[in-house]
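# Structural overview for review
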Amino acid sequence: MSLTPKPESKQTFGAATRLVHAGRDPGAQHGFVNTPIYRGSTVLYPTYDAIKNRRGRYNYGTSATPTMDSLTDAWTELAGAAGTVVTPSGLSALTIALMAAVSAGDHLLVTDSAYRPTRQFCDGVLARFGVAVTYYDPTVGAGIAELMRPNTKAVLVEAPGSQSFEMQDVPAIAEVAHARGACVIMDNTWATPLLFPPHERGVDIAVEAGTKYLSGGSDLLIGLTSANAAYFPAVRRTFDHFAPCAGAEDIFLALRGMRTMALRLREHGRAGLEMARWFQARPEVLRVLHPGLPEDPGHAIWKRDFAGASGLFGVILKPVPEAAVAAMLDGLELFGMGFSWGGFESLVIPFDCAGYRTATQWAPGGPALRFHIGLEDIADLQADLDAGFARLRAAS
């Protein structure tokens, strides 16, 4: 039997099959299934001619290792990109994307629903280096043409939005941006390429916090920046200038997580949608922020462009005192309170976007909670929350 599928066969494989086989070459690893962890900085050359002319595949640990190549090759295949770089976190992957696309004197458009640390980087570092940043209504769609300037070089999208979960019409935005010569950058962490193939939808540079669903274990920090043929050279140059290297062990864990990501994401999505419907029926809930629900304002876009949902969504409670929300959350047994998601465990955080939105107003009508639904039994999660709602009512 062949130890590695033929390249021509890979073109017809489904996503789950590619997740299992991409980036692996057992024939080059003495038959072992996984690429081992290559640690190291120095790469030795056999001759003067080889080191003078850089004739080896590898030259230094910051640029590439066989372990790193396994992950970047696999992700490039999965995302439908021309190339990928791997970084130590999702935020670092996003900064590489932005710095590859804009320079001093350029204008950048950023969705008002962006991940807050993204805003902080734009308002801090990019602004300090002479990049003008304008935030826009995430639901603007093709209307983004009205915000484009002659020096607009990039548009940053995120769908659905961080915490507030607005959907964006990414293909419409991409069409306008490309007509004006601008790059489209997307934070695609919520969906991953399994649910939203970014480069097929007009995205030039896609960013993923592999910390979330690629890891799946809440024990890993890693980011990936993939790009199409037009923009990958700039992404690669920017990466090489900064050398933000992920650790070898973290890359190995990301590869291991990738093999089961399709199964986990499918279950997170199924359970998340079931829990979102359960929340809709609760008398304490004002509304649920989940694009997979028919009642959601962004549902039509989600249904058109996405192959499914992940396990992350928001819940707006009816007005209650803050002490009541605290009583609800403090007594939960199965929902941890923490700022990441994508792992096997369920999580919840309170959030409020009002303090940093600038292009839109965040006025949800009640306390806002973000939930990530893990891999526990749904009945147990509902029982835990039912007890939490009882505490909320008692404290109101």
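Residues numbered from 1 in each chain as written. Predicted model: local features only at pLDDT ≥ 70, side-chain atom pairs only at ≥ 80, totals over all residues. Heavy atoms only, no water.

- As annotated in an unreviewed UniProt entry, the protein carries the name Cystathionine beta-lyase and is attributed to Methylobacterium brachiatum.
- Regarding the protein, the relevant UniProt record gives this comment under Sequence similarities (unreviewed entry): "Belongs to the trans-sulfuration enzymes family."
- In its Cofactor (unreviewed entry) section, the UniProt entry covering the protein states "pyridoxal 5'-phosphate". (UniProt positions renumbered as here; feature names shortened; annotations may be inferred.)

## A short note on the environment of A309
- Along the chain, A309 falls in the loop between α12 (299–305) and β9 (312–317).
- On the basis of relative accessibility, which here comes to 11%, the residue A309 falls in the buried class.
- Separated by 118 residues in sequence, A309 and A191 have C-alpha atoms that sit 6.6 Å apart.
- Each residue touching A309, except ones within four places of it in the same chain, is listed here: W190, L195, L265, G269, H290 and W302. (Helix = DSSP H or I, 4+ residues; strand = E, 2+ residues; numbered from the N terminus. Buried < 20%, exposed > 50% of the residue type's maximum accessible area, 1.4 Å probe, protein only. Contact = heavy atoms within 4.5 Å.)

## Topic: the sheet that holds strand β8 (residues 285–289)
- Taking strand neighbours across the sheet as the criterion, the 5 strands line up as β8-β9-β12-β11-β10 in an open arrangement whose pairing is mixed. Only two strands of the sheet have a single neighbouring strand rather than two, namely β8 and β10 (335–336).
- With 5 bridges connecting them, strand β11 (residues 346–351) and strand β12 (residues 368–372) associate as antiparallel partners. Its bridge partner lying in β12, V348 is registered against F371. (Pairing = 2+ DSSP bridges.)

## Some details on the sheet that holds strand β6 (residues 205–209)
- Sheet architecture is open: 7 strands sit in the order β1-β7-β6-β5-β4-β2-β3, paired in mixed fashion. Whereas interior strands pair on both sides, the edge strands pair on one side only; in this sheet they are β1 (83–87) and β3 (132–136). Strand-to-strand twist in this sheet, taken as the mean axis angle between neighbours without regard to direction, amounts to 20°.
- Packed onto the sheet, helix α9 (residues 232–242) meets β1, β6 and β7 (223–227) and runs at close to 25° relative to β1. (Axes fitted to C-alpha atoms, helices over the stretch in contact; angles between N-to-C directions.)

## Side note on the packing of aromatic side chains
- Tallied over the full model, the rule gives 11 aromatic pairs.
- Seen from their ring centres, F279 and F371 are 4.7 Å apart, and the 40° between their planes marks the pair as tilted. A residue pair is termed long-range when its members are at least 10 positions apart, and F279 in helix α11 (residues 261–280) and F371 in strand β12 qualify at 92 residues. Assigned by exposure class, F279 and F371 land together as buried.
- Every member of this aromatic cluster is reached through a ring pair, and the members are W278, F279, F313, F335, F371 and F389. (Phe/Tyr/Trp six-rings, centres within 6.5 Å; stacked < 30°, edge-to-face > 60°.)

## Some remarks on helix α7 (residues 170–179)
- Restricting attention to buried positions, one finds in α7 the residues V170, A172, I173, A174, V176 and A177.
- Among the structural elements, β3, β4 (152–158) and β5 (183–187) are those in contact with the buried residues of α7.
- Structurally, the start of α7 carries an N-cap: the backbone nitrogen of A172 is 3.2 Å from a side-chain oxygen of D169.
- In the stretch just after α7, G181 is the one whose phi turns positive, near 80°. (Polar contact = N/O pair within 3.5 Å; in protein donor to acceptor, adjacent residues only side chain to side chain.)

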